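# Structural overview for review
Now for the letters of each chain:
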Amino acid sequence: MDNKEKTKQMIDYHKAAFETYYNSVQMLQDQTTKALDNMLKQSPWIPAQTKSFINEWIGIYKKVTADFKEAVDQNYEKMEEFLNTTSEAPKTKSKK
């Protein structure tokens, strides 16, 4: 097994680990959002402006995490493309 194959396997492993981590964070975010929504609905003493700030904060957090995931996916694609182009490059023969 050459270095390029080992590198591809390592990148695939890291990508899978990142996907698992991101999905876990996403589930935690969804559960927290639901719990916060329930709390806001059951708390009439919280001002409407505060509720709108909290909802805006939730929206910003979701957007930022989605943008981060997109950036990571693009960089994994670039790395895979780089490894594919270097592995497909013609090998030069050495003169003896």
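So, a few notes on the structure that sits alongside this text.

The rules we used
Residues numbered from 1 in each chain as written. Predicted model: local features only at pLDDT ≥ 70, side-chain atom pairs only at ≥ 80, totals over all residues. Heavy atoms only, no water. Helix = DSSP H or I, 4+ residues; strand = E, 2+ residues; numbered from the N terminus. Buried < 20%, exposed > 50% of the residue type's maximum accessible area, 1.4 Å probe, protein only. Contact = heavy atoms within 4.5 Å. Phe/Tyr/Trp six-rings, centres within 6.5 Å; stacked < 30°, edge-to-face > 60°. Lys NZ or Arg CZ within 6 Å of the ring centre and 35° of its normal. Expected span 1.5 Å × (residues − 1). Salt bridge = Lys/Arg side-chain N within 4 Å of Asp/Glu carboxyl O.

Attention now moves to the overall build of the protein. Along the backbone of the protein there are two helices and zero strands. Burial statistics for the protein: of 96 residues in total, 16% are counted as buried. Of the contacts formed within the protein by residues at least 6 apart in sequence, a portion of 73% connects residues at least 24 apart.

Time to look at the packing of aromatic side chains. Going through the model one piece at a time under the given rule, you end up with two aromatic pairs. Seen from their ring centres, Phe18 and Tyr22 are 6.2 Å apart, and the 25 degrees between their planes marks the pair as stacked. In this pair, Phe18 and Tyr22 are both assigned in helix α1 (residues 3–41), four residues apart and thus about one turn of the helix distant. Of the two residues examined, Phe18 and Tyr22, each falls in the buried class. Between the aromatic rings of Phe18 and Phe68, the centroid separation amounts to 5.9 Å while the plane-to-plane angle is 65 degrees, which identifies the pairing as edge-to-face. One end of the pair, Phe18, is in helix α1; the other, Phe68, is in helix α2 (residues 48–88), with 50 residues separating them in the sequence. In this structure Phe18 comes out as buried when scored by relative accessible area, which is 12%. What links up through ring pairs into an aromatic cluster is the set Phe18, Tyr22 and Phe68. Over the ring of Tyr22 we find Lys69, and its NZ or CZ is 5.5 Å from the ring centre.

So, about α1. With 39 residues, α1 should reach 57 Å at 1.5 Å per residue; the first-to-last C-alpha distance of 56 Å fits that figure. Residues of α1 that are buried include every one of Ile11, Phe18, Tyr22, Gln29, Thr33, Leu36 and Leu40, and no others.

Here we come to the environment of Leu40. Inspection of the secondary structure assignment puts Leu40 in helix α1. According to the relative accessible area criterion, Leu40 is buried, its value standing at 6%. Along the backbone, Leu40 and Asn55 are 15 residues apart, and their C-alpha atoms lie at a distance of 9.9 Å. Sequence-distant contacts of Leu40, defined by excluding residues within four places in its chain, comprise Ile46, Lys51, Ile54 and Asn55.

Quick look at the pattern of salt bridges now. Side-chain pairs of opposite charge can arise where the charged atoms are in close proximity. Counting across every chain of the model gives four salt bridges. With its nearest N and O atoms 3.8 Å apart, the salt bridge here joins Lys15 to Glu80. Residue Lys15 is located in helix α1, and its partner Glu80 is located in helix α2; the two are separated by 65 residues in the primary sequence. Since its relative accessible area comes to 24%, Lys15 is described here as partly exposed. On the basis of relative accessible area, Glu80 is assigned to the partly exposed category, the value being 27%. Of the charged contacts in the structure, one is a salt bridge between Glu19 and Lys69, with a shortest N-O distance of 2.8 Å.

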